[in-house]
Amino acid sequence: MSETFETHPLAPAWLAVPADPAELDPLVFTRQYTRDADGCVCVSGVPVTELARQHGTPSYVLDERTFRERARAFREAFEDALRPLGIEVAVYYASKALLTTAVVGWATEEGLNVDTASGGELAVALAAGVDPARIALHGNNKSAAELELALRVGVGRIVVDSLAEIELLSGLARDWGTRAPVMIRVTPGVHASTHEFIATAHEDQKFGLSLNPARDGEDSPALTAVAACLEASDALDLRGLHCHIGSQIFAAEGFGQAAERVLALREAVAARWDVVLPEVDLGGGHGVAYTAEDAPREVAAIAGDLAPLLAESLKASELPAPHLSFEPGRYIAGPSGCTVYTVGTVKTVTVAPGVQRRYISVDGGMSDNARPVLYDADYTAVLGNRVSHEAPVLSRVVGKHCESGDVVVKDVYLPGDVAAGDLLVVPVTGAYCWALSSNYNWLPRPGIVSVAPDGATREIVRRETVTDLLARDTGVVDPAGAITAHARPAS
Ligand SMILES: *Cc1c(COP(=O)(O)O)cnc(C)c1O
């Protein structure tokens, strides 16, 4: 078909025909990936064929060294960039991106604290043995039970998100005879994603308390929240202000603008109440490359760009610099993971006269990666078990679910001879894939296999079984026996 390696008419403009379809683009196939002498893709030296043989497919494969390196690099980048300004930095791993006890252990060993956003996430962090003082609890609708758990174990910070929550939490803290360390989530009116950020007067969203008054002359909801926390100072220890401006951010300007506005509120609080809030959190959202279309900057460059913006905001202020914290999730977990699928049906459909698209079905789909459906997210893939010299063909990698939108990789050039039984490797699935996975169509959720720096592999979350699928259906008397009862006797 495309012997001439011409661009396919259905291909998006950013997608180049690969000169060598076996190449592992270092933008998305970060250092842990290589091809061995047989042409097989390896993760920290372990061939994906071996991983598939031992653990089955689909499997999430997580490279421990990459996760640790990215966690450490993030922390060091911001520490180094902001130390000259006298700003101390703490980094909280946003565990919602990918949360298992092993992963949380890596994050804390690399000097990070842990962000959680529900009682369940908090429970996993506690089960991992994280010092509660290093855990933060977020959420726009925390239940009394979640807040009580946080108070009981003594988490390091609770990020309050509404006036009602301030009241609920102060009541609970009094009941428990403790003083809750709190941050106030504010909406600085900055929305940032990829290369651009938009500064708007108001934010039409559920999170946080606005920096803008509802009417001229009134206090902003954020300032009102500060007043409420200070009034309840017997029960609440107001540590500072928190914001989170978006996701997949590739530049420092949005963070700089958010910081400027949050620091102005800190200034207003000092002026009115003579209280210097010691902490400011600028949230997460640091971007990663999913395809050749993305061009994220190194985190050190973002930290470097942020420093003068912060210096500018602080210069205007008489107050001592606050401690700053950041909450990366995707940046750390995303590039650390990939998904290995087995190819099943391959089908070529005619889209218009003479224009064809090849559909490659794999043994998972939207249940293990909901991001394409949810966010129209793009991914890429390579043939994992071998190298092929067949001409590349524009392909769409799809799942096995009963949805035509069940797409894993919208557009990718893959060798013309990809066939049933081949393995595909989809990189950068470490964040928000397993975390968002479901049992749609009753597919058992894949396990997570970690690869240690020495190449040792370990299932850190086991694959679900049919027994797991049946376990909570109260009509099933014997989940383990339900299938075997129908098994044909061995002949
Ligand atoms: C989701 C979230 C993060 C992490 O976002 P990433 O894009 O994964 O870095 C950090 N902080 C808060 C409050 C969040 O909701």
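Residues numbered from 1 in each chain as written. Predicted model: local features only at pLDDT ≥ 70, side-chain atom pairs only at ≥ 80, totals over all residues. Heavy atoms only, no water.

An α-helix turns once every 3.6 residues. As a result, residues three or four positions apart point the same way. Among all positions in helix α5 (residues 144-153), only L147, L149, A150 and L151 are buried. If you follow the buried residues of α5, they end up packed against α4 (119-127), β7 (135-137), β8 (157-160), α6 (163-176) and β9 (180-187). Of the residues one or two after α5, G154 is the one with positive phi, at around 80°. (Buried < 20%, exposed > 50% of the residue type's maximum accessible area, 1.4 Å probe, protein only. Helix = DSSP H or I, 4+ residues; strand = E, 2+ residues; numbered from the N terminus. Contact = heavy atoms within 4.5 Å.)

The subject of this paragraph is the pattern of salt bridges. Counting across every chain of the model gives 26 salt bridges. Two residues, E79 and R75, come together in a salt bridge whose shortest N-O distance is 3.2 Å. Of this pair, E79 and R75 both sit in helix α2 (residues 64-82), separated by four residues, roughly a single helical turn. The closest approach of N and O atoms between D468 and R462, which form a salt bridge, is 2.6 Å. Given a relative accessible area of 25%, D468 falls into the partly exposed group. Under the relative-accessibility criterion, R462 is labelled partly exposed at 49%. Within this structure, E64, R68, R72, E109 and E110 form a network of salt bridges that share partners. (Salt bridge = Lys/Arg side-chain N within 4 Å of Asp/Glu carboxyl O.)

Lining the immediate environment of the ligand, one finds 15 residues, of which K96, S247, G285, E327 and Y432 sit closest. Within the backbone of G285, a nitrogen or oxygen atom sits 2.7 Å from an oxygen atom of the ligand. Note that an oxygen atom of the ligand is positioned 2.5 Å from one of the side-chain N or O atoms of Y432. Protein chains shield 90% of the accessible area of the ligand, which is 390 Å² for the free molecule. Residues that form the shell around the ligand fall into these classes: three nonpolar, eight polar and four charged. (Near = heavy atom within 4 Å. Polar contact = N/O pair within 3.5 Å; in protein donor to acceptor, adjacent residues only side chain to side chain. Areas by Shrake-Rupley, 256 points an atom, 1.4 Å probe, with all protein chains shown as cover. Nonpolar A, V, L, I, M, F, W, Y, C, P; charged D, E, K, R; others polar.)

This part covers the UniProt feature "active site" (unreviewed entry) in the chain. Mapped onto this numbering, the UniProt entry annotates "active site" (unreviewed entry) at C402. Taking the relative accessible area as the measure of exposure, C402 reaches 60% and is therefore exposed. For C402, the residues in contact, after removing those within four places along its chain, are Y440 and N441. (UniProt positions renumbered as here; feature names shortened; annotations may be inferred.)

What follows concerns the side chain of H401. Tracing the backbone shows H401 in the loop between β19 (392-398) and β20 (407-415). Residue classification places H401 among the buried residues on the basis of a relative accessible area of 8%. Engagement of the side chain of H401 in a polar contact is seen with the side chain of S367, the distance being 2.7 Å. There is a polar contact of 3.4 Å between the side chain of H401 and the backbone oxygen of Y440. Excluding residues within four positions of it along the chain, H401 makes contact with G364, G365, M366, S367, D406, Y440, N441 and L443.

Counting residues in each nonpolar core, the largest one holds 128 residues, and the members touching the most others are F78, L82, Y93, I158 and I184. A domain-level breakdown of this core finds at least three residues from each of domain 1 (33-62 + 338-471) and domain 2 (65-334). A11, L15, V17 and Y413 belong to the second largest nonpolar core, which has five residues in total. (Core = buried A, V, L, I, M, F, W, Y, C linked by side-chain atoms within 4.5 Å. Domains from an automatic or database assignment.)

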